[in-house]
Amino acid sequence: MADPLLQARGIVKNYGHVEALRGCDFDVYPNEIVALIGDNGAGKSTLIKILAGTEQADEGEIVLEGHRIHVGSPFEAMRLGIETVYQDLALAPDLDGSANLYLGREVMMAGLLGKLGFLDNKTMRAGARKAFGELGVDLQNAQSAVANLSGGQRQSVAVARSVAWASKVVFLDEPTAALGVVQTARVLETVKRIRDRGVAAVLISHNMRQVLEIADRIEVLRLGRRVARFEGKGATIEQLVSAMTGGIAEEGAA
Amino acid sequence: MTAPQPSRAKFIRSAIQTGLKPLAERWGSFSRTRFGSVIARAFSTNAAWIFLLLIVLMFIFNFLAPGKFLTEFNVRSMAENVAVLLVIAVGETFVMATGGIDLSVGYVLLFSGVTSAQTMNWGGRDPTNSGWDVVLLGFVVAIGSGLAWGVLNGLIVAKAKVPALIATLGTLGMSWGLAEILSNGQDLRYLPTIIADMGASRVIFDKVPLVVVVAVTVAAMGAVILSLTKFGRYTVAIGSNQEAARRAGINVDRHLILVYAMSGTLAGLAGFMSLAIFTTTTISGHANDNLQAIAAVVIGGTSLMGGVATVAGTTIGVCIPMVLFSGFTILGYQSFWRDVAVGAVLILAVYTDQLRRRRRERR
Ligand SMILES: Nc1ncnc2c1ncn2[C@@H]1O[C@H](COP(=O)(O)OP(=O)(O)OP(=O)(O)O)[C@@H](O)[C@H]1O
Ligand SMILES: [Mg+2]
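Now for a description of the structure that goes with this document.

## What to know about the pairing of strand β4 (residues 59-64) of chain A
Working note: regular strand, side chains alternate between the two faces of the sheet.
Residues and elements named next belong to chain A.
Phase 1 of the analysis: As defined by bridge partners, strand β1 (residues 6-15) adjoins β4 across five bridges and the pair is classed as antiparallel. Residue pairing in the sheet places V12 in a bridge with E59 of β4.
Phase 2 of the analysis: Inspection of the sheet shows β4 paired to strand β5 (residues 67-69) by three bridges, in the antiparallel sense. Bridging from a neighbouring strand, V63 pairs with R68 of β5.
Phase 3 of the analysis: Once β4 ends, the chain turns through two residues before running back antiparallel as β5, passing E65 with a positive phi of about 50°.

Quick look at the structure:
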């Protein structure tokens, strides 16, 4: 197997007395879809936030392409080619879909006007229409604030945003939780498409069937530690569930 | 007695519905046309309704006091009276768009006016006949004082994470106290005649006061920056969801400092304008400026929660209290009726914003 693209080693994260992560490891290999699963509160979202720079680990290290990196802020993660769809979506509800898609990466007008800070809304709207179209989202009113969209449409906006910018890894924290059948299929298709584009995808999901269907590999967290790893092919729902709920011995201890 | 009521209510409701249906349908098809969608979008914001209210008020006062209200003289004096307030309200719009508030603007205005006037009076000399160099120095001091308070506000809010309400309440007290200490509570009345001339001068066919031109220019620039530039986009994005803005890689702290600095700087400019208009520091004249600016911004449709703001709305929000004041005065009512009416409009503005939010949260 190739070397890991991204590695988390011994990550510890405490929130006051809550030990969210207790020496957690995690690997992402190039060109793969890896599912990160675990019970509620296992620490999945926390791990993602640390790798994406929104939270800082108390201990442990992050290695990208063999180099130890420091991800001090979301901006640094984005610069390294790491994008995230957060469980709480993190959109600006008063702005429209296009403004959200391009937030922090606005397209400026050409020439002097651009230097003065003027936005090129036309180009951004066209880009947004294309990006949303690929996800099968038809925003009837593209200029409507994101708050006026349905939950699923909002989720699609968040997914489109990350997918559009990721060059190395994209984390998707329950990206299909609020989606209908068609949109779910589109998001999963998109996840496959970004893998084929050479970007690794980390998918957090509670839907085991979905995980088995799409993941090349599966890593299981329990109580803030990685407890098991599976190849996507050949794993069964029973195996996954027993790993998540502590039915099998911990990795390393075994 | 109770039994027929539901059916009657139902009948009335269905009658209203069938009566309204063609109207609603016509509105629906109209709002899908290009022009219609612009109108529909405009009236989904507070600003359009407030503009309508302003027009109606002017119409009513002009009807009740024909030949007195919409005269060149009265319109000019109304414009002159709102110029200073408009400048600080533009800065306040940006602050409130981020979900913050700046209570200090009125007293930063006062402080800037005092430091500016004292600089021009340096060493107790009579500045009446001073040249442009002294005036320019006074201007720079006014702007610099405002900028300094604004940066301080921004640092306290963004870096020290003190809530804006308390941070700017603190600097309100500080700037007020220092202005009183520096001036000994005495108004400085000796200013270069150049400044007084500026305050009194008119441009554009000798009809529009210079201070009004300055204020309108500030508002126009503010409107363009807020709606068309990256700076404006970040401002509303931070107000809409600060965490999302941060995760999108926006340097939220830096941007907040810039926004408060802008508000302070505009308060400094307003302080200098006030010197020019009144040719004195008017120490006791700015007690309510901050609340008036905030009221104007809120009436103009800027959300108290941030994320939604227009400078056009703020401009109308500045004008409505002035029109009420002038109208009531001309009609011979006590001008305090303005405060009653403005209070009601303010509550209505926030109420409709809350309604809008609740409606969309239900989705
Ligand atoms: N900001 C926080 N403050 C305090 N505790 C936190 C915070 N964030 C997470 N936790 C705690 O850390 C633990 C792990 O939470 P995390 O959100 O990572 O779980 P998860 O695996 O993503 O769960 P879910 O499947 O429900 O999303 C939980 O016990 C949670 O209560
Ligand atoms: Mg989670």
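Moving on, there is more to tell.
## Focus on the sheet that holds strand β6 (residues 82-85) of chain A
Residue and element names in this part refer to chain A.
Phase 1 of the analysis: Strand order in the open sheet formed by six strands is β6-β7-β8-β3-β9-β10, with mixed pairing between adjacent strands. This sheet does not close on itself; its edge strands, each paired only once, are β6 and β10 (225-231). Going from strand to strand, the sheet's axes swing by 20° on average, the running direction of each strand aside.
Phase 2 of the analysis: Summarising the sheet, strand β9 (residues 217-222) and β10 pair through six bridges and their orientation is antiparallel. Its bridge partner lying in β10, E219 is registered against R229.

## Here we look at the nonpolar core
Phase 1 of the analysis: Ranked by internal contacts, the top residues of the largest apolar core, which has 81 residues, are V87, I88, V90, M273 and I320 of chain B.
Phase 2 of the analysis: Sort the elements by how many residues they give to this core and helix α4 (residues 72-97) of chain B lands first, with 14 residues.
Phase 3 of the analysis: When near neighbours in sequence (up to four residues on either side) are disregarded, I88 of chain B contacts V105, L109, L266, A267, A270, D289 and A293 of chain B.
Phase 4 of the analysis: Listed in part, the 33 residues of the second largest apolar core include A131, F132, L135 and V137 of chain A.

## Quick word on the site of ligand 1
Residues and elements named next belong to chain A.
Phase 1 of the analysis: Every one of the 14 residues lining ligand 1 counts as a neighbour, but G41, K44, S45, T46 and H206 are closest to it.
Phase 2 of the analysis: In the environment of ligand 1, an oxygen atom lies 2.8 Å from a nitrogen or oxygen atom belonging to the backbone of G41.
Phase 3 of the analysis: Within the side chain of T46, an N or O atom sits 2.5 Å from an oxygen atom of ligand 1.
Phase 4 of the analysis: Here the shell around ligand 1 gets three residues from one element, more than from any other, and that element is helix α1 (residues 44-51).
Phase 5 of the analysis: Partitioned by chemical class, the residues of the shell around ligand 1 number four nonpolar, seven polar and three charged.

## Digging into helix α15 (residues 311-330) of chain B
Residue and element names in this part refer to chain B.
Phase 1 of the analysis: Taking 1.5 Å per residue as the helical rise, α15 with its 20 residues ought to reach 28 Å, and the 29 Å between its terminal C-alpha atoms agrees with that figure.
Phase 2 of the analysis: Here α15 lies mainly inside the structure; 14 of its 20 residues are buried.
Phase 3 of the analysis: The N-cap of α15, judged by a side-chain oxygen 3.1 Å from the amide nitrogen of G313 a few residues on, is T310.
Phase 4 of the analysis: Positive phi shows up at G332, right after α15, with a value of about 85°.

Calculation rules
- Residues numbered from 1 in each chain as written.
- Chains lettered and ligands numbered in written order.
- Predicted model: local features only at pLDDT ≥ 70, side-chain atom pairs only at ≥ 80, totals over all residues.
- Heavy atoms only, no water.
- Pairing = 2+ DSSP bridges.
- Helix = DSSP H or I, 4+ residues; strand = E, 2+ residues; numbered from the N terminus.
- Axes fitted to C-alpha atoms, helices over the stretch in contact; angles between N-to-C directions.
- Core = buried A, V, L, I, M, F, W, Y, C linked by side-chain atoms within 4.5 Å.
- Buried < 20%, exposed > 50% of the residue type's maximum accessible area, 1.4 Å probe, protein only.
- Contact = heavy atoms within 4.5 Å.
- Near = heavy atom within 4 Å.
- Polar contact = N/O pair within 3.5 Å; in protein donor to acceptor, adjacent residues only side chain to side chain.
- Nonpolar A, V, L, I, M, F, W, Y, C, P; charged D, E, K, R; others polar.
- Expected span 1.5 Å × (residues − 1).

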